[in-house]
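Working through the structure, step by step
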Amino acid sequence: MHRYGDLAVGDRIETGRAMIDDGMIDRFADLSGDRFALHMDEAAARRLGFPTRVAHGLLVLSVIDGLKNQAPAQLAAIASLNWSWSFHAPVLLGDSIRSVLVVEGKRLSRRADRGIVSFEVSALNQYDEVVQSGRNQLMMQV
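Worth saying up front: this structure is predicted, and the values here are computed from it rather than measured.

Further remarks concern the side chain of D95. Looking at where D95 falls in the secondary structure, it is placed in the loop between β3 (77-87) and β4 (96-108). Of the side chains with opposite charge, R17 lies nearest to the buried D95, which makes no salt bridge, at 9.1 Å. Side chain to side chain, D95 and Q126 meet in a polar contact 3.0 Å long. With sequence-adjacent residues up to four places away left out, D95 is seen in contact with A18, M19, I20, P90 and Q126.

In the sheet, β3 pairs with strand β6 (residues 130-141) via nine bridges, with the strands oriented antiparallel. When the sheet's bridge partners are listed, W85 is paired in β6 with G134. Here eleven bridges tie strand β5 (residues 114-124) to β6, and the two strands are oriented antiparallel to one another. Within β6, the position partnered with E120 by the bridge is R135. The loop that links β5 with its antiparallel partner β6 comprises five residues; one of these, D128, has a positive phi angle of about 60°.

Right, let's talk about helix α4 (residues 57-70) for a bit. The α-helix advances 3.6 residues per turn, and as a result positions three or four apart in sequence lie on the same side. For α4, spanning 14 residues, the distance from its first C-alpha to its last is 20 Å, which sits close to the expected 20 Å at 1.5 Å a residue. For α4, the full list of buried residues reads L59, V60, L61, V63, I64, L67 and K68. Packed against the buried residues of α4 are β2 (18-19), α1 (22-32), β3, β4, β5 and β6.

Let us look at the nonpolar core. Counting residues in hydrophobic clusters, the biggest one holds 30 residues, and the most contacted among them are I20, V63, F119 and M140. Of all the secondary structure elements, the ones that give two or more residues to this core are α1, α4, β4, β5 and β6. If you tally residues by element for this core, the top one is α4, at six residues. Apart from the residues within four sequence positions on either side, F119 is in contact with L7, I13, L75, L101, V102, V103, E104, G134, R135, N136, L138 and M140.

Glancing now at the packing of aromatic side chains. All chains considered together, the criterion is met by one aromatic pair. For the ring pair W83 and W85, a centre distance of 5.3 Å and an interplane angle of 90° mean the geometry is edge-to-face. W85 gets classed as buried once you look at its relative accessible area, which sits at 15%. Positioned above the aromatic ring of Y4, the side-chain terminus of K106 is 4.2 Å from the ring centre.

Here is what the cut-offs are and how they apply
Residues numbered from 1 in each chain as written. Predicted model: local features only at pLDDT ≥ 70, side-chain atom pairs only at ≥ 80, totals over all residues. Heavy atoms only, no water. Helix = DSSP H or I, 4+ residues; strand = E, 2+ residues; numbered from the N terminus. Buried < 20%, exposed > 50% of the residue type's maximum accessible area, 1.4 Å probe, protein only. Lys, Arg positive; Asp, Glu negative; His and termini not counted. Salt bridge = Lys/Arg side-chain N within 4 Å of Asp/Glu carboxyl O. Polar contact = N/O pair within 3.5 Å; in protein donor to acceptor, adjacent residues only side chain to side chain. Contact = heavy atoms within 4.5 Å. Pairing = 2+ DSSP bridges. Expected span 1.5 Å × (residues − 1). Core = buried A, V, L, I, M, F, W, Y, C linked by side-chain atoms within 4.5 Å. Phe/Tyr/Trp six-rings, centres within 6.5 Å; stacked < 30°, edge-to-face > 60°. Lys NZ or Arg CZ within 6 Å of the ring centre and 35° of its normal.

Okay, structure coming up:
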C-alpha cells in the first residue's frame, strides 16, 4: 500500500486493462439515464461515422478510476478531491483500455496525517493511443 510519503514526483503507476463490452455500455446507460443513440444503437453510430457503438465518455472515466483502485500499486487514498478531464478520441465497443498515472505534485494538508497527491492520468486504448487524459487529486494517508 503506497502512502503519501512513499510517492515521489515522477513516479509512474500502470493499471491493468478492461474491455468495453455491450453489457458495460448498457448498464451505464441504465444507471445514468444517458441513452443517446450513439451509445445504444450500432446503426445510429454508423450513421454518425463510427464503426460501432461508442462508449460513454464518463463510463470510460469511471472504468479508469476503477482500474486505478485495482492496480498492483495500491494507493492509501482517503478521498478523490478533483478530476480535470479531457476526451480526445472515441472509445468503441470492444476496445481495451488501461491507464498510466504519473505523480506530478504533492503537498501536505492542514491535517498532519494527510497529504494531497496530484496525478497526471492518461487513458489508452489497445493501440496505446491516448483517448482521454487529465489530472486527479487524491487525499492520501501520510
